[in-house]
Every structure is written in C-alpha cells, then in structure tokens.
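Inside the fold
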Amino acid sequence: MVGYTEKIKEIAGRLLKECTVDMVVGFRKGTMPMMNEPCFATTPEAVDTLMWDSNCGINLANYLTNRKEKVAVIAKGCDSRNIVTHIIENKIKRDQVYIVGVPCTGMIDKRKITGMVAGEILEVSETENTIKVKTADAETLFEKTEVLQQNCSLCIHRNPVIHDEMVADMVQEQTDVDRYADIRKIEEMEPEDKWQFFDDLLSPCIRCYACRNACPLCYCPTCFVDEAKPQWVGKGQDPMDVRTFHFLRAYHCAGRCTDCGACERACPVGINMRLLTRKLEKDCQEQFGWEAGMSLDQRPALDVYQANDPGAFIK
Amino acid sequence: MELMGVEPDRLHFSWISSAESTKFVNVVKEVTEKVKAIGPNNHFIKDTAKVA
Amino acid sequence: MTLVKIDKKNWAEGLKAAAAAYRLYGPVKEKDYHQFKALEKGETPEFDMVNTRLSPKALLFPQSEEMLEYSLDESRDDHHIMKEVARDDSPRAVIGIRPCDAKSTLLVKLNFDTPDVKDPYWLNAYQTTTFIGMACDSPLSTCFCTTAGCGPYHEEGLDMLVMDREDAYLAKILTDKGKAFADAAGWKAASDNKTAFESGKAAAEGRMVSSIKTDNLTATDLLELHGATFWEDIAFSCINCGTCTFSCPTCWCFDIQDEVHGKSGVRMKNWDSCMFPIFTVHTTGHNPRDTKTQRVRQRFMHKLKYFVDKYDAGIMCVGCGRCVRQCPVNIDIRRVCELMNSFKPADACAAQG
C-alpha cells in the first residue's frame, strides 16, 4: 500500500477544490506507534495531513451515518461493504457519499505485535510486505503476513465492492481461505466447556462500549443496553449482563457484519468478540448463502422472508 | 445459543396452529422429556447482580 | 521520615505477616497485562510492568457496587426495609501503587470529601486503605507525570514509598499509617542511605520523554476557550466510548441504578462516562450535550480548565498515559492540552455551543 498516501491527498485535494464534496473523511498519523486517527478535511489545504498505511483499521463508514453534507470517504474492502449496508438501510444516500476505494492488503495487529517483542515499542515502520518494529534495545523485522489482524488474514474481499474512484489497481483476492476453522473448534466442544470458554473470553469486559461505538452497524439512537424503561440488560459488571450485551449485539449485527475488525481493534482489553459475530456470519453463509454488503440491489437475508428460507430446525 | 453453551436439547422450535391441539400436546411432552433428561439449567440465569 | 531497608528475601515474609492485619491488594499479571487484584494467601505483587492496564481506582471505587438492598419477603424480619449492604471495613493495604495513581486519589478526594457533601462509600474505602507505593524507574514514552503535577518518585497520597535497589527495597515511611504497616510486616531495619531516593528520582525524571505545558490554562478565559474552533477537529474521531474515562484514575462519575429481582432488589452504583450520549439526558428527554463535540469538549475542559479554576490544585490529570495508550482512535490529551494551553482568545469564534 506504498504510494496510497500521495494518491489519497491528490484525490482529496481535487474533490474539495472542485467542490465535488463538502468534506473528506480519512486518517491522519497518530501519536502512538501503530495508531492512526480518523480525521476530516474541508479545505484543499487541510488534505496534507491525510495518510494511509497498515494501521488504518478503524472503519470510516462509522462516521457517515446521519450526515447532511456531501462527504468523500476513504474506504477499504470491508468499509465499502458497510457503506452498501448503510445505503440499503437508509442511513445515507448513495449520491451523498463519494467513495474513494482502497484495495487493501491488510491491517497489522498491534496487540499481536506488542506480544511478540520485549519492551515498549517506540516506532513501527513498513514497506509493502514487511513491518519493522523498534524498541529501545532492538529492531525486529516481520513479514506483514505474520502480523496481520486476524480478520485481514482471513479476508476474501480486500477490494472495494463499490467506489467512485480507486486509489490504486485492484489487488489479488485471497482464495482457499477457511474463515471458520476456529469457530468449528468451539462448536465441537461440550456445552459446559463452551460456557466456560465464553465466560473466560468476556471476563475482562468493562462495558466501555468501544466495540459497539466503533461498529458502523451500531447506529441505534438508543442502544438496548442504554434503555432503562424497561431495562433489558443490567448496566453493571454481572457476568450474565456482560455476556448478554455481547451476544445480543452480535445478533443485531447478524447478516450485516462485514468482519472489518474495528470492534476488536477498538477494545481496550483485547476481547475477541468476533468469535460471536463470525459464528453468525457462518450461519448466514451456510443457511442463506448470504454475504453482507456485496450488492446494493439485494436486501439482507435476515431482512426478507423467502419461501426457501431454511426451516428444518422448526419441528 | 449452542455456541455459547446452551445444550442443543434445551431450545426447541415448532410451528403449531391453535387448531392443532394434538400436535401441541405431543410437542410439549417431547420437549419436557428432553429437557428433563438434561437436567436443571444453571446457565443464563441472573439472580441479583453479582458485583463488588 | 524513616528509611527502612527491606531485603528482597524478607519482602514476601513481611507481606505474609502484614496479611494477618490487612487485606492485601497489588498488581497481578493476567494474560498479557497487569491488573490490581486482591492478593491470595502468600501471593506477592508482580512488578514486571510500568503500570496496570486499568487504574487502581476500582479498589476505592468499584465499577459496580451495591449500596442498598431490600426484600419484600414477609417471612424476613427486615422485610420492606431498605438498608445498607454489609461491607468489609477491615484495614486494607495496596502494595505497589505507582506515584501517579497515588496522587490521583488526592484529586478524586477533592470531589468525594467536601465540607458540604461526602461520599461515604469512597471515603470509607479510602480511609481504611494504606497506600504502599512503588517508585517508577522506567517510565513509558506515554508517561508525562512530571509535567502533570506529580512524578515517578512523588510522595503525595502515599503512606510509604518503596524503591527497587536490585538486591533490596528501600522504603521511605511517610505517615503513621505507613509506619503501622511496616511494623506489621516486621520491616524495621533502619537505613541511613540519604541520597538513594534523590538520585533515583533524578534518574527517573531524566528518563521522562513526554511532557505537557499547562502554564496558561488558569489565565485563559473560560468562555473563550469553550468557543475555540479546534473542538470540532479534536472531537471528530471520538467514538464516545468509555475507554478514556474508565481507564483514567481521576475520573469519578457514576450512575445509580436499581435492579429488582422477584421479591428483592438492590440499588447499585456503576461507573458512568461523560462520553456516553445519555450521560446528560434529563427526565424531560432534553439533552444539553447531545452532540459528540459538546461531550468531547466537556471532558477536556473539565480535566484541564474547570478543575483548574475550581480547586486551584493543578490539572485533573496525573500523566499516567492510559487514555493515550488505549483510546481506540488515538485522541491524545497531550495534543489537546497543547492546543488549549497555546490558545489565544482572538481565535475564538463568537458562537457558543
């Protein structure tokens, strides 16, 4: 993805100069290694801060809902599928958004990398295929493929499915990817072990809702966990409440989630909540042949009733 | 739900019209037997909140 | 101020002895991070870290805490009576709190212990706790405590400050509570090493790479700062989660919730966050801070201006850097502080809100 930064600046500058859009949403370099900050530019001069690298894991489609302006957004494959879902769900109009498509070779996993080196990481730099990590005492070189976020290593839609302009040529899609190997492993466990597995997985949760808020699909004016009359879910740290928040949120994203990984990336305590969302993605795939956000012309599988919807489980 | 640890025999789905009383009786019997065979449920239960 | 030398061999024994009189808490490794937890019998705190992921504020101010309970069960003597939940008020000691987190307890105390209003839950926990601090020799690049009113060897808020001297610990007893703990632990070997703490402090402070400037915050006009044009840019990326507020040792907001189960119920308090959209929702449905920019502005104004003006005790931040490291979108309080501190009122736009 070398060279994307310059192209993004060029495109953004042009779009603003020609008043094609009122605002461009992209990333600027963060103050921490492996972090970038979503930002916006409204003047051609301001586009100089825009950049792109393998730390742009937050889903910018999250910043589009309910916007009144004409907005350009830098979107990788997964983000573009969320934009499709937004359009289908009437959260933004197609002609309101100018999609600057980024063919993406994946985002790196900052938690994984932190666990692979000793000492505080001071700087991370990258080339097309390598990641260099500097601590006070050492420099380590990784193959980018070794340190990708899990959702990126399993990605089968790296290229934007919808775009008004592309930052670069399409990249090769990965084939023969088994997206659900880890889900199947859990499915094979005994019920008691499954229960314990999720208990352990969710125990660090502090109900900060970073996962929910980073998710472009979670746009309800009042989330079910914020309701008080009636109160569906307790707001404290009771383990049953924490579990309910996570699995119910996964259910609400079923058939809509594109596995962009923003939820896991945002989580301050490193919870792998994609195990829940991907199980539902697997079910939608296997039972309805459905993949979220691939086309503007199809309503999501869980949105419509078809005569041939799977019904074998209903006795 | 199964993924999270609910035993498969604890959750059942059935379409029964109010005119299908025999089917209703049979389904209720079957579900009751299956659930009794697994034993009491001790998951997905919240008493008063477990907190500090 | 007494100085006591503690051989590392006597450290664990001392803690075991103290455990007879105190419930002990300290940093414990969990998976790939450290967290403050109650220490099991014989367990010693683990210091192979700079600081814990979440602050120790949960020890004085649990994330979910039951306040009151009641039962409608008429077979009970206390039916229909709402009463305080039984609490364990026996002495506690926190072993290995960093000076930044210790200083934060004093900032939080300004809120929970005022002449007019006191929070009995927090105050009770605070008063029954002895704070044994561990000086910080290798700050992270995100630590900026020295310019946030404290430092790696800062003593405010501590009853004892311990520094690591390779083969032994050197402890500076700062208060009567600290002395009582040292006695309970049997740590009495006096030391006359007067320079160790000074040189340790100077070395640690010399390793600090990050800093903020706060000299103009008091003088800057509040309303002008509130009306500054940079808030939109700062707030844009924010996703209004609770990560910064929950990991911050000086954030103190809470929400009171009732939970009913059958014939019994509790009133509990949970951490709340000014970042949450419903934080300021009124019963009428009106929400004075219903936009993200208003909420983000509020948080930084509180930390770096309102608190400064109200208490004249510096900023409401101890430079621990947790929010910087954990914010999902990398909003950096150091950057915001720079924008606020260098703000000139001529830049302010006329419109407020």
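Note that this is a predicted model, so its numbers are computed, not measured.

Scanning chain A from N- to C-terminus turns up ten helices and nine strands. Rg of the C-alpha trace for chain A: 20 Å, near the compact-globule value of 20 Å for 315 residues, within the 12% margin. C-alpha extents for chain A along the principal axes are approximately 60 × 50 × 45 Å. The buried share among the 315 residues of chain A stands at 57%. In chain A, 67% of the contacts between residues at least 6 apart in sequence involve partners at least 24 apart. Surface exposure of chain A reaches about 13,500 Å², of which carbon and sulfur atoms provide 51%. With 39 positive and 48 negative side-chain charges, chain A shows a separation of 4 Å between the mean positions of the two kinds.

Pairs may arise between side chains of opposite charge once their charged atoms sit close together. Scanning all chains against the criterion turns up 51 salt bridges over all chains. One salt bridge in this structure joins Lys 34 of chain B and Glu 30 of chain B, with 3.0 Å as the shortest N-O distance. One end of the pair is Lys 34 of chain B and the other is Glu 30 of chain B, both in helix H1 (residues 21-38) and four residues apart, which spans about a single turn. Classification of Lys 34 of chain B as partly exposed rests on a relative accessible area of 30%. Through salt bridges with shared partners, a single network forms among Arg 179, Asp 259, Glu 264, Arg 274 and Glu 281 of chain A.

It is worth spelling out the state of the cysteines at this point. In the structure shown here, the tally under the stated rule is zero disulfides over all chains. Of all cysteine sulfurs, the one in Cys 104 of chain A lies closest to Cys 152 of chain A, which takes part in no disulfide; the gap is 5.7 Å. The exposure class assigned to Cys 152 of chain A is buried, which follows from its relative accessible area of 11%. Among the cysteines around Cys 238 of chain C, which has no disulfide bond, Cys 244 of chain C carries the closest sulfur, lying 6.6 Å off. Look at Cys 238 of chain C and you get buried, because its relative accessible area is 9%.

Let us look at the confidence of the model for chain C. Detailed reading of the predicted coordinates is not advisable wherever pLDDT falls low. Of the residues in chain C, 98% reach a pLDDT of 70 or more, and the chain-wide mean stands at 93. With a pTM of 0.92, the predicted complex shows an ipTM of 0.93.

With that settled, the discussion passes to the pairing of strand S4 (residues 71-75) of chain A. Residues and elements named next belong to chain A. The buried fraction of S4 is high, at five of five residues. Here S4 shows two buried faces, one formed by Val 71, Val 73 and Ala 75 and the other by Ala 72 and Ile 74. Two strands pair when backbone bridges link them, and strand S1 (residues 23-29) and S4 are joined in this way by three bridges, in the parallel orientation. When the bridges of S4 are listed, Val 25 appears paired with Val 73. Two elements, S4 and strand S5 (residues 97-101), share five bridges in a ladder whose sense is parallel. Bridge pairing links Ala 72 to Tyr 98 in S5. As for the winding sense of the linkage, the β-α-β connection from S4 through helix H2 (residues 77-88) to S5 is right-handed.

Opposite the 43 residues of chain C that make contact, chain A presents 39 residues. Interface area, chain C with chain A, both sides summed: about 3,100 Å², of which 55% is carbon and sulfur. On the chain C side of the contact with chain A, Phe 236, Ile 239 and Asn 330 of chain C bury the most area, a combined 22% of that side's loss. Close ionic contact of Asp 233 of chain C with Arg 28 of chain A constitutes a salt bridge, the shortest N to O distance being 3.1 Å. Where chain C touches chain A, the interface holds 15 residue pairs in polar contact (both at pLDDT 80 or more). At the level of elements, helix H8 (231-235), helix H9 (243-247), strand S10 (254-261), strand S11 (264-271), helix H11 (322-326) and helix H12 (333-341) of chain C are the ones that each hand at least two residues to the side of chain C that touches chain A.

Residue and element names in this part refer to chain A. Examined against the element boundaries, Tyr 98 turns out to sit in strand S5. C-alpha of Tyr 98 to C-alpha of His 163: the two residues are 65 residues apart in sequence and 7.5 Å apart in space. A polar side-chain atom of Tyr 98 sits 2.8 Å from a polar atom in the side chain of Glu 165.

With that settled, the discussion passes to the packing of aromatic side chains. Counting across every chain of the model gives 31 aromatic pairs over all chains. Between Phe 313 of chain A and Phe 13 of chain B the ring centres are 5.1 Å apart and the planes differ by 85°, which places this aromatic pair in the edge-to-face class. Here Phe 313 of chain A, found in the segment after helix H10 (274-288), pairs with Phe 13 of chain B, found in the segment before H1, and the two come from separate chains. With relative accessibility at 42%, the residue Phe 13 of chain B sits in the partly exposed group.

This part is about the nonpolar core. If you look at the biggest cluster of nonpolar residues, it comprises 162 residues, and the most contacted ones within it are Trp 52 and Ile 83 of chain A together with Trp 231, Phe 300 and Met 340 of chain C. Taken domain by domain, this core gets at least three of its residues from each of domain 1 (1-107 + 156-177) and domain 2 (178-309) of chain A. When neighbours within four sequence positions are excluded, Met 340 of chain C is seen to be in contact with Leu 217, Leu 225, Phe 230, Trp 231, Phe 300, Met 301, Leu 304 and Lys 305 of chain C. Membership of the second largest hydrophobic core comes to 23 residues, among which are Trp 11, Tyr 22, Met 160 and Ala 171 of chain C.

Okay, the interface of chain C and chain B next. Taken together, the nine residues of chain C in the interface contact six residues of chain B. It is Glu 66, Glu 259 and His 261 of chain C that lose the most area in chain C upon contact with chain B, and together they represent 59% of the buried surface on that side. Where chain C packs against chain B, one counts one salt bridge. Between Lys 46 of chain B and Glu 259 of chain C there is a salt bridge, with the nearest N and O atoms lying 2.6 Å from each other. Linking chain C to chain B there are two residue pairs in polar contact (both at pLDDT 80 or more). If you list the elements that add at least two residues to the side of chain C that touches chain B, you get strand S4 (64-71), S10 and S11 of chain C.

All names here are of chain C. If you walk across this open sheet you meet the seven strands as S1-S9-S8-S7-S6-S2-S3, and the pairing is mixed. What marks the edges here is a single partner per strand, and that holds for strand S1 (2-7) and strand S3 (33-38). The average undirected angle you get between the axes of adjacent strands in this sheet is 25°. Where strand S6 (residues 92-97) lies against strand S7 (residues 129-134), five bridges are found, and the strand directions are parallel. Residue pairing across strands places Ile 95 opposite Ile 132, the latter belonging to S7. Strands S6, S7 and strand S8 (160-165) of the sheet are contacted by helix H3 (residues 99-112), whose axis makes an angle of about 135° with S6. Helix-sheet contacts for helix H5 (residues 176-185) involve strand S2 (23-30), S6, S7, S8 and strand S9 (168-173), and the interaxial angle to S7 is about 80°.

Attention shifts here to helix H10 (residues 292-311) of chain C. An α-helix turns once every 3.6 residues. As a result, residues three or four positions apart point the same way. Residue and element names in this part refer to chain C. Taking 1.5 Å per residue as the helical rise, H10 with its 20 residues ought to reach 28 Å, and the 27 Å between its terminal C-alpha atoms agrees with that figure. The largest bend along H10 reaches roughly 55° and is located at His 302. Most of H10 sits out of view: 14 of its 20 residues are buried. Backbone geometry just downstream of H10 places Asp 312 in the positive-phi region, at approximately 50°.

What counts and how
- Residues numbered from 1 in each chain as written.
- Chains lettered and ligands numbered in written order.
- Predicted model: local features only at pLDDT ≥ 70, side-chain atom pairs only at ≥ 80, totals over all residues.
- Heavy atoms only, no water.
- Helix = DSSP H or I, 4+ residues; strand = E, 2+ residues; numbered from the N terminus.
- Rg over C-alpha atoms; globule rule 2.2 N^0.38 Å.
- Buried < 20%, exposed > 50% of the residue type's maximum accessible area, 1.4 Å probe, protein only.
- Contact = heavy atoms within 4.5 Å.
- Areas by Shrake-Rupley, 256 points an atom, 1.4 Å probe, with all protein chains shown as cover.
- Lys, Arg positive; Asp, Glu negative; His and termini not counted.
- Charge placed at Lys NZ, Arg CZ, Asp CG, Glu CD.
- Salt bridge = Lys/Arg side-chain N within 4 Å of Asp/Glu carboxyl O.
- Disulfide = S-S within 2.5 Å.
- pLDDT = per-residue confidence, 0-100.
- Pairing = 2+ DSSP bridges.
- Right-handed = clockwise from strand over helix to strand, strands pointing away.
- Buried area = accessible area lost by both parts, 1.4 Å probe.
- Polar contact = N/O pair within 3.5 Å; in protein donor to acceptor, adjacent residues only side chain to side chain.
- Phe/Tyr/Trp six-rings, centres within 6.5 Å; stacked < 30°, edge-to-face > 60°.
- Core = buried A, V, L, I, M, F, W, Y, C linked by side-chain atoms within 4.5 Å.
- Domains from an automatic or database assignment.
- Axes fitted to C-alpha atoms, helices over the stretch in contact; angles between N-to-C directions.
- Expected span 1.5 Å × (residues − 1).
- Bend = angle between axes of the 7 residues up to and from the residue.

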